[in-house]
Amino acid sequence: MTMARMTSMQGFFSLALLAAIAAPGCYAGPADIAELPDEGLTAGDSAASGESSGDDPSGGDPSGDDSGGCEGDDCEPPAGACADGVIKVGPSPLRRLTSAEFNRTVRDLFADPELPWIDFSVADSKDGTRFDTNAEIPDPTIVEDTIAAAETIAAAALAPEGAFVAGLDCDLADTACVEPALRDLAGRAFRRPLAADEGAELVALYEGARDEWGGAQALEVAVTAVLASPRFLYLLEGGEPVPENTERPGLLRLTDHEVASRLSYFLWQTMPDDALFAAAEAGLLTTRAGVEDQARRMIADDRFAAAVSRFHEQWLELDHRLADETYKDPELYPEWSPALAQAMRKETKAFANSVIRGGDGKLSTLLGASYSTIDGALAELYGVDAPAESFDVVELDPGERAGILSLSGFLAAHAHADEGSWVHRGLFVRTEVLCGSIPPPPPDVDMSVLNNPDRTVDPACAGCHVLMDPIGWGMDNYDAIGRFNLLDEDGGLAHGTVEGPEHLDVVGDFAGLTDLSGRLAESEDVQACMARQWFRYATRRLEDTQADRCTIDRLAAGFVESEGDIRELLVEIAVSDGFRYIAAE
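Predicted model, so just to flag it, every value in this text is computed and none were measured. Counting restarts for each chain, with residues numbered from 1 along the sequence as it is written. It should be noted that, the model being predicted, local features are given only for residues of pLDDT at least 70 and side-chain atom pairs only at 80 or more, the latter also being counted only at that level, while totals for whole chains, interfaces and linings use all residues. With hydrogens and water stripped out, all remaining heavy atoms of the structure feed into the side-chain values.

**Student:** Which parts of the structure should I look at to understand the overall build of the protein chain?
**Tutor:** Numbering goes from the N terminus for both helices and strands, where a helix is a DSSP run of H or I of at least four residues and a strand is a run of E of at least two. From N to C terminus, the protein chain includes 25 helices and nine strands. Expressed as a percentage of its 585 residues, the buried residues of the protein chain come to 58%. In the protein chain, of all internal contacts separated by at least 6 residues, the share reaching a separation of at least 24 is 72%. Areas reported here follow the Shrake-Rupley algorithm with a probe of radius 1.4 Å; residue values treat only the protein chains shown as occluding. Carbon and sulfur atoms form 51% of the exposed surface of the protein chain, whose accessible area is close to 22,300 Å². Partly exposed describes any residue whose relative accessible area lies between the buried limit of under 20% and the exposed limit of over 50%, with all areas from a 1.4 Å probe on protein chains only and scaled to the type maximum. For this analysis, residues touch if any pair of their heavy atoms sits within 4.5 Å.

**Student:** How should unusual backbone geometry be read in this particular structure?
**Tutor:** Where the residue is not glycine, phi is negative for most of them; where a peptide bond is considered, it is trans in most cases. Cis geometry marks the peptide bond from Gly500 to Pro501; its omega dihedral reads 15 degrees. Looking at the secondary structure, you find Pro501 in the loop between strand 7 (495-498) and strand 8 (508-511). Positive phi is not limited to glycine here, since Ala111 has a value of about 50 degrees. Note on placement: Ala111 falls in the loop between helix 3 (99-109) and helix 4 (140-157). Of the residues examined, Ala111 reaches a relative accessible area of 61% and is grouped as exposed. Phi angles above zero are rare outside glycine, and Arg191 is one such case at about 65 degrees. Secondary-structure assignment places Arg191 in the loop between helix 6 (175-190) and helix 7 (196-213).

**Student:** Please clarify how the state of the cysteines should be interpreted in this entry.
**Tutor:** The bond known as a disulfide is covalent and runs between the sulfur atoms of two cysteines. Any two cysteine sulfur atoms within 2.5 Å of one another count as a disulfide. Considering all chains together, one arrives at two disulfides under this definition. Bridging Cys170 to Cys177, the disulfide has an S-S length of 1.3 Å. Here the S-S torsion is close to -65 degrees, and the disulfide linking Cys170 with Cys177 is therefore left-handed. You can call Cys177 buried: its relative accessible area is 17%. Covalently, Cys435 is tied to Cys529 through a disulfide, its sulfur atoms 2.1 Å apart. Its S-S torsion of approximately 80 degrees makes the covalent link between Cys435 and Cys529 right-handed.

**Student:** Honestly, helix 7 in this entry has me stumped. Any pointers?
**Tutor:** Working note: α-helix, 3.6 residues per turn, so residues spaced by three or four point in the same direction. Expected span of a helix: the number of residues minus one, times 1.5 Å. Between its terminal C-alpha atoms helix 7 stretches 26 Å, which fits the 26 Å expected from 18 residues at 1.5 Å a residue. Once helix 7 finishes, Gly214 follows within two positions and takes phi at roughly 100 degrees, a positive value.

**Student:** Even after reading the chapter, I still don't get the sheet that holds strand 9 (residues 581-583), so can you show me in this structure?
**Tutor:** Whether parallel or antiparallel, the strands of a sheet pair through hydrogen bonds between backbone atoms. Two strands are said to pair when DSSP picks up at least two bridges between them. Taken in spatial order, the three strands line up as 3-4-9 in an open sheet, and their pairing is antiparallel. Two strands bound the open sheet, and with one partner strand each, they are strand 3 (240-241) and strand 9. Pairing of strand 4 (residues 251-253) with strand 9, which is carried by three bridges, proceeds in the antiparallel orientation. Paired with Arg253 across the bridge in strand 9 is Tyr581.

**Student:** Before we go on, may I ask you to explain helix 6 in this structure?
**Tutor:** The end-to-end C-alpha separation of helix 6 is 21 Å, in line with the 22 Å expected for 16 residues at 1.5 Å each. Residues Thr175, Cys177, Val178, Ala181, Leu182, Leu185, Ala186, Gly187, Ala189 and Phe190 constitute the buried set of helix 6. Elements in contact with the buried residues of helix 6: helix 3, helix 5 (163-168), helix 7, helix 8 (215-228) and helix 9 (230-233). Pairs of N or O atoms within 3.5 Å make up the polar contacts considered here, provided that, within protein, one atom can donate a hydrogen while the other can accept it, and that residues adjacent in sequence are counted only when both atoms are side-chain atoms. At the N-terminal boundary of helix 6, the capping side chain belongs to Asp174, with an oxygen 3.0 Å from the backbone nitrogen of Ala176. One or two steps after helix 6, the chain reaches Arg191, where phi turns positive at roughly 65 degrees.

**Student:** For this particular structure, what's the right way to read the packing of helix 12 (residues 288-299) against helix 24 (residues 566-574)?
**Tutor:** For any two helices packed against each other, one specifies the crossing angle of their axes together with the interaxial distance. At their nearest, the axes of helix 12 and helix 24 sit 9 Å apart, and the two run at 145 degrees to each other. When the axes of helix 12 and helix 24 are compared, the crossing they make is right-handed. Every residue of helix 24 that contacts helix 12 at Arg288, Val291, Glu292, Ala295, Arg296 and Ile299 is listed here: Arg567, Glu568, Leu570, Val571, Glu572 and Ala574. Each residue gets one of three labels, nonpolar for Ala, Val, Leu, Ile, Met, Phe, Trp, Tyr, Cys and Pro, charged for Asp, Glu, Lys and Arg, and polar for the others, Gly among them. Of the residues contributing to the contact of helix 12 with helix 24, the split by class is six nonpolar, no polar and six charged. Axis definition: a line fitted to C-alpha atoms, over the contacting stretch in the case of helices. Angles run 0 to 180 degrees between N-to-C directions. Handedness of a helix crossing follows the sense of rotation of the near helix relative to the far helix, less than a right angle counterclockwise being left-handed and clockwise being right-handed.

**Student:** Would you take a moment to explain the side chain of Ser523 for this structure?
**Tutor:** In this fold, Ser523 is placed in the loop between helix 21 (512-521) and helix 22 (524-539). Within polar-contact distance, the side chain of Ser523 engages the side chain of Asp505 at 2.5 Å. Setting aside anything within four residues of it in sequence, one finds Ser523 in contact with Asp505 and Val506.

**Student:** Mind showing me how you'd approach the pattern of salt bridges here?
**Tutor:** Pairs can form between side chains of opposite charge once their charged atoms are near each other. Salt bridge criterion: a side-chain nitrogen from Lys or Arg within 4 Å of a carboxyl oxygen from Asp or Glu. Taken as a whole and judged by the stated rule, the model has 32 salt bridges. Residue Asp273 pairs with Arg297 through a salt bridge whose shortest N-O separation is 3.0 Å. Residue Asp273 is found in the loop between helix 10 (256-267) and helix 11 (274-281), and its partner Arg297 is found in helix 12; the two are separated by 24 residues along the sequence. Among the charged side chains, a salt-bridge network with shared partners connects Lys126, Asp132, Arg310, Glu313, Asp319, Arg345 and Lys349.

**Student:** How should I be thinking about the nonpolar core in this particular structure?
**Tutor:** If you look at soluble globular proteins, the nonpolar side chains tend to sit buried side by side. Residues belong to one nonpolar core when they are buried, are Ala, Val, Leu, Ile, Met, Phe, Trp, Tyr or Cys, and are joined through side-chain atoms within 4.5 Å. Membership of the largest hydrophobic core comes to 95 residues, with the highest contact counts inside it found for Leu263, Leu267, Leu405, Leu520, Trp534 and Leu570. Considering each element in turn, this core owes the most residues, eight residues, to helix 15 (residues 338-356).

**Student:** How should the environment of Gly578 be read in this particular structure?
**Tutor:** The residue Gly578 is located in helix 25 (residues 577-580) in this model. For Gly578, a relative accessible area of 0% puts it in the buried group. Along the primary structure Gly578 and Lys88 are separated by 490 residues, whereas in three dimensions their C-alpha atoms are 7.7 Å apart. With near-sequence residues (within four places) excluded, Gly578 lies in contact with Val89, Arg262, Phe535, Thr539, Arg541 and Thr551.

**Student:** So what exactly am I meant to see when it comes to the side chain of Arg541 here?
**Tutor:** Mapped onto the secondary structure, Arg541 falls in the loop between helix 22 and helix 23 (549-561). Judged by its relative accessible area of 4%, Arg541 falls in the buried class. Of the polar contacts made by the side chain of Arg541, one reaches the side chain of Asp548; its length is 2.6 Å. For Arg541, the residues in contact, after removing those within four places along its chain, are Gly90, Pro91, Ser92, Pro93, Thr129, Phe535, Arg536, Asp548 and Gly578.

**Student:** Honestly, the packing of helix 6 against helix 8 in this entry has me stumped. Any pointers?
**Tutor:** Helix 8 packs onto helix 6 with a crossing angle of 15 degrees between their chain directions and a minimal axis gap of 10 Å. Relative to helix 8, the element helix 6 is oriented roughly parallel. The handedness of the crossing between helix 6 and helix 8 comes out as right-handed. Where helix 6 approaches helix 8, its residues Val178, Leu182, Leu185, Ala186, Ala189 and Phe190 are matched on the opposing element by Leu219, Ala222, Val223 and Val226. When the residues that make up the contact of helix 6 with helix 8 are grouped by side-chain class, the tally is ten nonpolar, no polar and no charged. The labels follow the angle: roughly parallel below 35 degrees, roughly antiparallel above 145, roughly perpendicular from 65 to 115, and oblique for the rest.

What follows is the structure, encoded as structure tokens:
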């Protein structure tokens, strides 16, 4: 796009990326209000789990505490804090659409699945979670990326044979013809009714460009401006005052259209559909019942598969640990290739969908099922017959495989180039399945010995490693690409241990990964942790230890009551305080 065209666009999106960050409700602190209807919460506790860097998170003394760092009086909410009618939520940072969300949204916006998939040069950021958040202040490269993406999509979407231009069926230099389509496009792109001044600015931009370059080019300039606007690229959440809240101004309720956007990007990774827009227009998303109706409809839709896939790929860290450049020793593993790595990622996503969308939806099945969804290359790895159709369901040996942690993708991702990793595998279970906290390693730690048994007895290391490595020991039957091998000719299984704290219901010795998986599958502590993980995914932020405690505790209790039904958990997240309200500035 020429500099002159760029200048002509600036008036329309001069709101600017940085100005958008100052929108009301962004980067706000916790808030609470009392005596509001429609919410009943119970007391509880929540905290963010720790992240570890490197291979050796030794150092510090976690003292076996898996409470997430909550200590003393801070662990108990003030009297009445979680009583009926009290709403308290953590801060909700402003976030930009992820690359996947951007691509899915533009395809739905133009009803064109053939639009090019944009590969951004800057990777999505996670901001302390396992999940893409893009909550950072944009740097010049991000700005350039988004403008270039807008130009590419606008040019492709406005091809003469495309649906958008064909739908106009008129002279593209005729304002009367183009204006309604532009206003409709911008309103759906911004995911809310278009304000009068926004529509006027967009039409003025189009007409100014038309007078200089003609109708077709002017339309492209206007559409590019829409796609480069922060109102499209960001999930702007200003909220609205809560009418019942007369004494405590520290809380805002998301508008119906903002709830619609949160729902659609949580459950579909794309913009709202016509039914969701209609529900927002009718004011049906102000109530729990209205939100629940839409959440259940969306979970039953095929588009829900995208969220299931993305959650598990990111939760298990396959998005960066199992990339094309992932290295495995070619002498030990000549079959390793980028294609095999991609098959493992596809297997994991297909398996998760087979359980949550096509099966009973239970966490116990996700963590304990003895089947998977594989292709021919993975069938060889597992030592079973290949399915008639790639990534069909195939029964595996229940003595070797039980659930998603026993699949090749997780095991290969959390391994070294030539052997499994006690640290990576054990750390994941401790922090991401049990929501424990392990501090990062000190900067001078020696990592030259990968699986070092001395770390669980060395006083300088044992405080952390005794909580991780013994879990990893129990996965030693699986090599660096997730293939199962007995440890000796007598059919030996690897033995491991889940160390304290004693209040965890999975503490104790186990024989092999299938034994561990069975224990995790029945654990209420694991269910509570997974409720927390899905909350992080839904809100794209770490929970606030104090402000979100009631919401997290209620979700965990409800998940246990539903016997670990993941679909019911997601509905409860959608109607929760932390999802439907934001803290004011």
